[in-house]
Amino acid sequence: MWYRDQMAWAVDRTENSVVLTLGRGMVAFDVPADWAFRVRNRLERNGFCTPALLVGARLVRAVFLAEADGVVLGQFQMPGDVRYLAAPCQIELPLLHVTAAQSRKWFCAPNPARRWLFPAGAVLAAVNAATPPPFKGAQPPDDRRSTQPAHRVSSDHRRASGRGHRRAACPAS
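Residues numbered from 1 in each chain as written. Predicted model: local features only at pLDDT ≥ 70, side-chain atom pairs only at ≥ 80, totals over all residues. Heavy atoms only, no water.

Draft legend 1. Just the pairing of strand S2 (residues 18-21), in detail. Relative to S2, strand S1 (residues 11-13) is paired through three bridges, and the arrangement is antiparallel. Looking at the pairing, Asp12 lines up with Val19 of S2. Taken together, S1 and the strand that follows it, S2, pair antiparallel across an intervening segment of four residues. Sheet analysis places S2 next to strand S7 (residues 90-93), joined by four bridges and oriented antiparallel. The residue bridging Leu20 from the neighbouring strand is Ile91, located in S7. (Pairing = 2+ DSSP bridges. Helix = DSSP H or I, 4+ residues; strand = E, 2+ residues; numbered from the N terminus.)

Below, the structure written as structure tokens:
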């Protein structure tokens, strides 16, 4: 199977689908489709885009794959309508060499010559940069910004929120 052999992804094939299981160093960011081009443009400033899918028939969303890192800890870091997906989520991938219409397609196709994924922190930075203003957190006025302490996730907060690893539900297949 191409996804396993060429990309070294943990996939399972059923009769009518190929399913990618997140984990083993792979996570994903599920963003509204209307943000997808802005995220992609930010990532392409580094030369190319990490693999990303357009998912859904009526309500289309973009799912950007990424390499798990210590920068992104969970859903609490996500802006607006973005969902952070990690193990044990599964994502149905497009069937290759199928001409029939599918409810998912590659927005940024995977490339075996570049099998590595962008680090999750880099994808989150691109998502944050592409987030429209109504979804960004309110900024204090400039005169207060310098006197505000930097936000840190304390160990008490991690315990209260499941060690800081709250995860969103997996996307509907």
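Now that the structure is up, let's keep going.
Draft legend 2. Layout of the side chain of Thr131. Topologically, Thr131 is positioned in the loop between helix H3 (120-130) and helix H4 (142-145). Of the polar contacts made by the side chain of Thr131, one reaches the backbone oxygen of Val127; its length is 2.6 Å. (Polar contact = N/O pair within 3.5 Å; in protein donor to acceptor, adjacent residues only side chain to side chain.)

Draft legend 3. View of the sheet that holds strand S6 (residues 83-85). With antiparallel pairing, the five strands of this open sheet are ordered in space as S6-S3-S5-S4-S8. Looking at the sheet topology across the chains shown, the edges are occupied by S6 and strand S8 (104-108). Averaged over all pairs of adjacent strands, the angle between their axes in this sheet comes to 25°, without regard to strand direction. Summarising the sheet, strand S3 (residues 26-32) and S6 pair through three bridges and their orientation is antiparallel. Looking across to S6, one finds that Ala28 is bridged to Leu85. The strands touched by helix H2 (residues 33-44) within the sheet are S3, strand S5 (61-67) and S8, with S5 carrying the most contacts at an inclination of about 35°. (Axes fitted to C-alpha atoms, helices over the stretch in contact; angles between N-to-C directions. Contact = heavy atoms within 4.5 Å.)

Draft legend 4. Focus on unusual backbone geometry. Cis geometry marks the peptide bond from Ala87 to Pro88, where omega comes out at 10°. Relative to the elements of secondary structure, Pro88 occurs in the loop between S6 and S7. Even without being a glycine, Ala8 presents a positive backbone phi close to 60°. With respect to the helices, strands and loops of the structure, Ala8 is situated in the loop between helix H1 (2-7) and S1. On the basis of relative accessible area, Ala8 is assigned to the partly exposed category, the value being 49%. At Arg24, a residue that is not glycine, the phi angle is positive and equals roughly 50°. (Buried < 20%, exposed > 50% of the residue type's maximum accessible area, 1.4 Å probe, protein only.)

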